[in-house]
Amino acid sequence: MRSFLRKIYNKFKHVNVIMAHHVCDDEPIIPSCIISKEGFREYVSGKKFVSIDTALRSISKNNKSYILTVDDALDDLYTEIYPVCKANGIPFTAFISVDLIDKEGYITTEQLVEMAGDPLVTIGSHGCTHIKLNECDDDQARYEIMESKSKLEKTIGKEVLAYAYSNGVASKRDIKLVKKAGYRYGFGVIPRKCNVISLMFDRFLLPRYNLDNNTVQKI
Ligand SMILES: [Zn+2]
């Protein structure tokens, strides 16, 4: 984005969408995207977190608040992130790759159902297998986007309205499929404020800031 356009863009009221993965102090499955337990606790304390729907339906009322999203359904979502959020009343959205549930290192179906029943937690889809959509033919892209929604909804008994693209990769075809499937929002990994302009033009590829040990001071 050109600098003068960025200046205009930054003048709008906004929310910051945060994307976390691993919260742990030791060796995780995915070696990048890690924040320490203490780093995570410190980061979330004192910030105003709002659920996706509340924040995006009325950005002006929730100006400068935060949306916490957690990708991949890794087991520390349940053992580390959920307890901290629950203790502090922090709403968050967990983006689940549904075929990875119950695999080693990931949350279980039971844990997913328990979290989905908590009003603090919104469940979103992160595809079925976590494959990047640019590696998928049309049938597989449809499977990732459409089937993940129906499998998750069947498991949790609630509508799934947000989709996060694996590695933030989304083509026009994928965005079209996300709309067609009936999602209300799609999320990528472009690190930018989320405002009315984003909602108008990028509702199906909304920006997010990655939260890890390297970025925690900056976002
Ligand atoms: Zn992911």
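Let us look at the structure shown here. What you see is a predicted model; the values in this text were computed from it and never measured. Chains are numbered independently. Their residues run from 1 in the order of the written sequence. At least 70 in pLDDT is required for a residue's local features to be given in this predicted model, at least 80 for side-chain atom pairs to be given and counted, and no such filter applies to totals for whole chains, interfaces and linings, which use all residues. Here the side-chain values reflect all heavy atoms present in the structure, with hydrogen atoms and water set aside.

Moving on, we come to the overall build of the protein. Strands here are runs of E lasting at least two residues and helices are runs of H or I lasting at least four, both read from the DSSP assignment and numbered beginning at the N terminus. When helices and strands are counted, the protein shows eight helices and 10 strands. Expected size for 219 residues packed as a compact globule is a radius of gyration near 17 Å; at 16 Å, the protein falls within 12% of this value. With respect to the three principal axes, the spread of C-alpha positions in the protein is 45 × 40 × 30 Å. Counting contacts in the protein only where the partners sit at least 6 residues apart, residues at least 24 apart contribute 65% of the total. Methods summary: accessible areas were calculated by the Shrake-Rupley approach with a probe of 1.4 Å, and residue burial reflects only the protein chains presented. Total accessible area on the protein stands at roughly 10,700 Å², and carbon and sulfur atoms take up 51% of it. The charge count treats Lys and Arg as positive and Asp and Glu as negative. His and the chain ends do not count. Where a charge lies is defined by one atom per residue type: Lys uses NZ, Arg uses CZ, Asp uses CG and Glu uses CD. One way to put it: in the protein the 31 positive side-chain charges average out to a point 14 Å from where the 28 negative ones average out. What the globule rule says is 2.2 Å times the number of residues to the power 0.38, and the radius of gyration is computed from C-alpha atoms. Contact between two residues is taken to exist if any of their heavy atoms lie within 4.5 Å; hydrogens are not considered.

So, about the packing of aromatic side chains. Pairing of aromatic side chains here covers Phe, Tyr and the six-membered ring of Trp, requires ring centres within 6.5 Å, and sorts the geometry by plane angle: under 30 degrees stacked, over 60 edge-to-face, intermediate tilted. This structure, assessed with the given rule, holds seven aromatic pairs. Ring centres 6.4 Å apart and planes at 90° place the aromatic pair Tyr43 and Tyr66 in the edge-to-face group. You can see Tyr43 sitting in helix α2 (residues 37-44) and its partner Tyr66 sitting in strand β4 (residues 66-71), a full 23 residues away along the chain. For the pair shown, Tyr43 and Tyr66 are each scored as buried. A network of ring pairs unites the aromatic residues Tyr43, Phe49 and Tyr66 as a single cluster. The criterion is that NZ of a Lys, or CZ of an Arg, lies within 6 Å of the ring centre and within 35 degrees of the ring normal, and then a charge sits over that ring. Lying over the aromatic face of Tyr43, Lys47 brings its terminal NZ or CZ to 3.8 Å of the ring centre. Exposure is judged per residue with a 1.4 Å probe applied to protein chains only, and the accessible area is read against the type maximum: over 50% gives exposed, under 20% gives buried, and values in between give partly exposed.

Perfect tetrahedral coordination of a metal by four donors corresponds to 109.5 degrees between them, and perfect octahedral coordination by six donors corresponds to 90 or 180 degrees. Shown as donors are all N, O and S atoms within 2.8 Å of a metal ion, widened to 3.2 Å for Na, K and Ca; because water is not in the atom set, sites may appear incomplete. Coordination of the zinc ion by the protein comes from Asp72 (OD), His126 (NE2) and His130 (NE2), over a distance range of 2.0 to 2.2 Å. Read in sequence order, the donor residues coordinating the zinc ion give the pattern D-x53-H-x3-H. On the criterion of sequence distance, the pair formed by Asp72 in the loop between β4 and α4 (75-88) and His130 in the loop between β6 (121-125) and α6 (138-156) is long-range, its members being 58 residues apart.

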